[in-house]
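The residues making up each chain are set out below.
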Amino acid sequence: YVLRWSWRRRVAALPPPAVYTRALCSRSHDPADPIEVHKRKLELWFSHLPQEEKQFGGYFLPETMHVDPLILEREPAEKRTPLIPSPLLQGPPVPACTMEQLFEPVADWGGARGLNVMLYGAVGTGKTTVVRKLVLDWCAGAALTQFKLLVPFSCEDLSQLTRASSLRDLVGRKYLHLRRIPLLSGEGDQAKEVLFLFNGIEKMKLDFRIGNTELCSDPSEALPSGAVVVNLLRKYLLPEASILVTTRLSAVESIPQKYVARYAQICGFDSAERQRAYFTSRLLQQPSTGVAQPNREALIELLYLNLQRESRLAQACFLPAYCWLTCATLHFLHFTDAQAPIRTFTGIYTSFLRLNFGGEVLGAGAAARADGSVQERQGSLMLYVVRTVGKLAFDGVTNKRTSFSESELEQWVGGKTKTDEELRQLAVFRTDVLDFFLVPCPSKDGQEQDADERRYTFAVPAMQEYLAALYVVLGENKTAVEKLTRQVSVAIGQVNEEVGSMVAVLSKFIPLRIFAVFNLLQLFPKLYERIHTHNQGRIARTLASEMFRNEDSFNEDVLDQVEQGLLGLHGPQPEKQDERQPFELYPIFMGGLLHYDNRVLLQQLGCSIKSTTVSQITRALRKYLVRELNKPQPPEELMDLLVLLYEFQNPRLTAEILSTIRTIRLCNVRMTPLKCFVLSSVLSCSPASYRLEELNLSSCYLTHDLLEMLWPAFRHTHNLNLQFNSLGPDSCIFLSDLLLDPKSDIRSLQLCDNPLQESGVRTLLEALPQDQSLRHLSLMHTGLGDAGARQLASILHHHARLQELNVAYNNIGDSAALTLVDACREHPNIHTVHLYLNPLSNVGKQSLYVRGVPTDHGGTGRRVQVLASVTEGSDLSESWHPILSVITENASTWDPKRVREQLEVFLRDLEWGRQQQPSWWKRMHFRKVEKGVRQVLQRMDKDTAPKSRRNAK
């Protein structure tokens, strides 16, 4: 078995893609004219966006988001060859054709007969989109203007009709306004201006044998719907009418070649330029979503650069369906806001499969109807995908593999023993569907691989994890014992009631003890129920264990991994890359598939997940997640847990999990709008009284816009750490409102290393008199200055609960520092003030220490600890170690010259203090602190040396 994907790398340069904008033509005709009514109604119907498009917020219109895929005319002898004909692979470029060109006259067809055109393509190449665009263009007068009437039919609808109907009745039933239109009367050659469109002809099972389908030329004669279509294609019924038929690859032979004038194949997006045009039409046409236009353009540029590489993404995006999935994922990652509809990553993939496989079935034999006729049994195509490709994906995830050999494909997809019907299904599946999921692995040296060595991988890596998760959640990975137990249980359950009735009758004549053995039948369903419950617990245990794997602890969070898969890695590459796939989306998809909305979509695809199964998995999952959360988890793993709870969309389970969490530390996690929305959504599931002891968002690249999305999360925390971010003066307005919010209870607020500036700090300080919850306030390195320090001193007496104040590294001089310490000394609760790394003189430091000790015996007698240096006069400061720790942690981000100057001042103070000590023990303690300061200086020298060498180059 050989997949047909090699053509995608060989396609020569074709005409540049066109993004069409449909302009409605002015209609000067009679509005009561049936043709005009028909155009208006078709325009309304075909302009309706599917549900999957509405998750983007309704920003797109069909006429603004369409990019023409590559359409090639095929010769009849080439219709079963690979997707691209050999002349295109070996000779000069074959020009693409338009829908207008497909209906140009054919020399050997006969001028009096209308053309029959077959348009076919694989799953995901854009057949439905092309049909929708064609109908809308005809309604607007922009295409196929030679036809006065276009009549579209869904072959899926026609196949469900059981009553015989004439052609005119079929048209009138679907389009009431065309019931009496003369063009369909069959008189003269009026039908030459009619175009019939049959979408999905493979669903009708047409029979062109004369003995099975009678001939008919009367548009008013009642026939089965299949017979009507066959007579139209035979040109026996309305021979002047033209017909456009769309179908899948496997059904090209369903219509005899003599009844088709022209074959055309949709080949998707053959170049990166077409793909870029599609992405631009999707991602740039956005309303005001908080994402600047230059940022959107930069996003598309990064995506385009990644597509230009010979990457798996570029190979996948030859299919417009995967371009849609890429746009949906990027829209989810970058354009999420609080006003947008709730979307989940699992929901995007479920919608993607519903968009491409909704209503698709595989024939599964024949079944007799009550009236004696024979009807073909049909099975869900998506369920067949899960049982074949899903099994392959699950095997890969279990064994940590992303590529598969030909023999493995044969084992998991082909199987060992097949009936004739199963072999037919398999052939259809391989022709139409398998290439949609699997593509050949690109060889490392760029050479073609031998057939024996050829390996295949999933077109999109996340699709392997999704299908593996769906395979598990649907219970398809049961052992042989579990499958046998279920079959026996079902069989016993069916006869259990009959046996019970028989025992009840016989017990009137024979003692009951003889029939006690029949009660054993009732034990088997209970045994199966226990085995089934154990299986659901195993699913929950697998989810929890895959979620917190030790080898994945140091990976980036899962959302960053998804983004890197789409946009690529830019900048310096890691020296050693781990080729193993982490599969961190696998457990998240397992949780997301249990969400009710996803289960509804899967039910439409023929994949049923019962509510009892969800309940059993949820109960077991709660226990396993709580057990794992009792262990310390890195920030990236905590972010992944939040994503899992968000994907689950189960407020009760989320609240129960959060009740065991007291601290969320996400330091150094690159927060994006989506991550902020996830964090707020998850914490919003908790009760109003729930409070985190600490929410650490330090070094998370937070901006003012992201703060607004985090408002619900901030309401559920006592200690808020926002240091080392990019919060400016505008953010202080938000923080002031947060402090004044009666529903918030912020006790500690750390804003170190944010460019708040004096104006921003002033705004923040104006809220302090009205706030009665804040105990600890850190404004270190925020640009406070002397003016800000004096303003802070003037309002401290209005905030009685404040206990600790950190204004270190704020360019505060002696005078302002003394004023602030005097205000703190008079404050009833402040016990510590941080003033180190400020330009304080030795006299000023000594004065601060003296001012920190009250001399008024009538006062409170409370001492205010002033941390201005590692020494306090001739003694060591009790807090020298915390001061050095703060400087060590931040020396790489602060001004090195300023930090070095302060450390040298510390050394001078330590040396002078050591000389004043008569005790040998105290002098040794001073030397220990001096050693710590020198180590910080040495570390700074090592950090600055590489930078200076790079600058020299």
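Heads up: the structure comes first, above all this text.
The present account deals with the structure reproduced in this document. Please read these numbers as outputs of a predicted model, since none were measured by experiment. Per chain, the residues get numbers from 1 upward, laid out in the order the sequence is written. Since the coordinates come from a predicted model, pLDDT governs what is reported: local features require at least 70, and pairs of side-chain atoms require 80 or more to be given and counted, while whole-chain, interface and lining totals use all residues. As a convention, hydrogens and water are excluded, and side-chain values are obtained from all of the structure's heavy atoms.

## Examining helix H34 (residues 880-890)
- Only protein chains enter the area calculation, which uses a 1.4 Å probe; residues under 20% of their type maximum are buried, those over 50% are exposed, and those in between are partly exposed. In this text, helices come from DSSP runs of H or I with a minimum length of four residues, and strands from runs of E with a minimum of two, each type numbered from the N-terminal end. Taken together, the buried positions of H34 are Trp880, Ile883, Leu884, Ile887 and Asn890. In an axial view of H34, the angular spread of the buried residues amounts to 145 degrees, which keeps them on one side of the axis. What the arc covers is the set of directions going from the helix axis to the C-beta atoms.

## Focus on the environment of glutamine 616
- Along the chain, glutamine 616 turns up in helix H23 (residues 611-629).
- Spatially, the C-alpha atom of glutamine 616 lies 9.7 Å from that of isoleucine 539, the residues being 77 residues apart in sequence.

## Concerning the environment of valine 821
- Here valine 821 is to be found in helix H32 (residues 814-826).
- A relative accessible area of 0% means that valine 821 is categorised as buried.
- Between the alpha carbons of valine 821 and tyrosine 849 there is a distance of 9.3 Å; along the sequence they are 28 residues apart.

## As for the nonpolar core
- In plain words, nonpolar cores are sets of buried Ala, Val, Leu, Ile, Met, Phe, Trp, Tyr and Cys residues tied together by side-chain atoms within 4.5 Å. Among the nonpolar cores identified, the biggest contains 182 residues, and Phe437, Leu467, Leu702 and Leu722 are the most heavily contacted of them.
- In what follows, a contact means two residues having at least one pair of non-hydrogen atoms within 4.5 Å. Once residues within four sequence positions are removed from consideration, leucine 702 is found in contact with Met671, Cys676, Leu697, Leu707, Leu710, Leu722, Asn725, Ser726 and Leu727.
- Formed by 70 residues, the second largest nonpolar core is a distinct cluster that contains Val117, Leu149, Ile243 and Leu249.

## What to know about the packing of aromatic side chains
- Pairing of aromatic side chains requires ring centres within 6.5 Å, counting the rings of Phe and Tyr and the six-membered ring of Trp. Pairs whose planes differ by under 30 degrees are stacked, by over 60 edge-to-face, and all others tilted. What the rule picks out here adds up to 27 aromatic pairs.
- Measuring from ring centre to ring centre gives 6.2 Å for tyrosine 278 and phenylalanine 279, while their planes differ by 80 degrees; the resulting arrangement is edge-to-face. Each member of the pair, tyrosine 278 as well as phenylalanine 279, is classed as buried.
- Ring centres of phenylalanine 332 and phenylalanine 345 lie 6.2 Å apart, and the angle between their planes is 15 degrees; on these two criteria the pair is classed as stacked. Remark: phenylalanine 345 occurs in helix H13 (residues 345-357) and phenylalanine 332 occurs in helix H12 (residues 320-334); sequence separation between them is 13 residues.
- Residue class for phenylalanine 332 comes out buried when judged on its relative accessible area of 2%.

## Topic: unusual backbone geometry
- Positive phi outside glycine occurs at lysine 235, with the angle close to 65 degrees.
- Along the chain, the position of lysine 235 falls in the loop between helix H8 (225-234) and strand E5 (242-247).
- Looking at lysine 235, the relative accessible area reads 8%, which means it is buried.
- Positive phi is not limited to glycine here, since asparagine 811 has a value of about 60 degrees.
- Note on placement: asparagine 811 falls in the loop between strand E17 (804-806) and H32.

## Digging into a nonpolar patch on the surface
- The grouping of Ile210, Leu215 and Tyr236 at the surface amounts to a nonpolar patch, some 290 Å² of accessible area in total.
- When you line up the elements, leucine 215 lands in the loop between strand E4 (194-199) and H8. Without a salt bridge and with relative accessible area above 30%, a residue can belong to a patch; like charges are then joined within 9 Å and nonpolar side chains (Val, Leu, Ile, Met, Phe, Trp, Tyr) within 5 Å. For the accessible areas, the method is Shrake-Rupley and the probe is 1.4 Å, while residue cover comes only from the protein chains on display. Salt bridges are counted wherever a side-chain nitrogen of Lys or Arg sits within 4 Å of a carboxyl oxygen of Asp or Glu.

## Some points on the sheet that holds E17
- If DSSP finds at least two bridges between two strands, the strands pair. Taking strand neighbours across the sheet as the criterion, the 8 strands line up as E12-E13-E14-E15-E16-E17-E18-E19 in an open arrangement whose pairing is parallel. Of all the strands in the sheet, just strand E12 (663-665) and strand E19 (865-867) have a single pairing partner and so form its edges. Neighbouring strand axes in the sheet, compared pairwise and without regard to direction, differ in orientation by 10 degrees on average.
- One ladder, built from 3 bridges, connects strand E18 (residues 832-834) with E19; its direction is parallel. Each residue of the ladder has a partner; that of valine 833, found in E19, is valine 866. Here the axes come from fitting lines to C-alpha atoms, over the contacting stretch only for helices, and the angles between their N-to-C directions go from 0 to 180 degrees.

## Digging into the pattern of salt bridges
- One pass over the structure, following the stated rule, counts 29 salt bridges.
- For glutamate 301, the salt bridge is made with arginine 276, and the minimal N-O distance between the two is 2.7 Å. You can see glutamate 301 sitting in helix H10 (residues 293-308) and its partner arginine 276 sitting in helix H9 (residues 272-283), a full 25 residues away along the chain.
- A residue is classified by how much of its surface remains accessible, and glutamate 301, at 33% relative accessible area, is partly exposed.
- Beyond isolated ion pairs, a larger network of salt bridges with shared partners links Asp557, Asp560, Glu563, Arg670 and Lys675.

## Here's the deal with the sheet that holds strand E10 (residues 438-440)
- Pairing is antiparallel across the open sheet formed by 3 strands, whose spatial order is E9-E11-E10. Because the sheet does not close on itself, it has two edges, and the strands there are strand E9 (403-405) and E10. Each strand of the sheet is rotated relative to its neighbour by a mean of 40 degrees, with strand direction disregarded.

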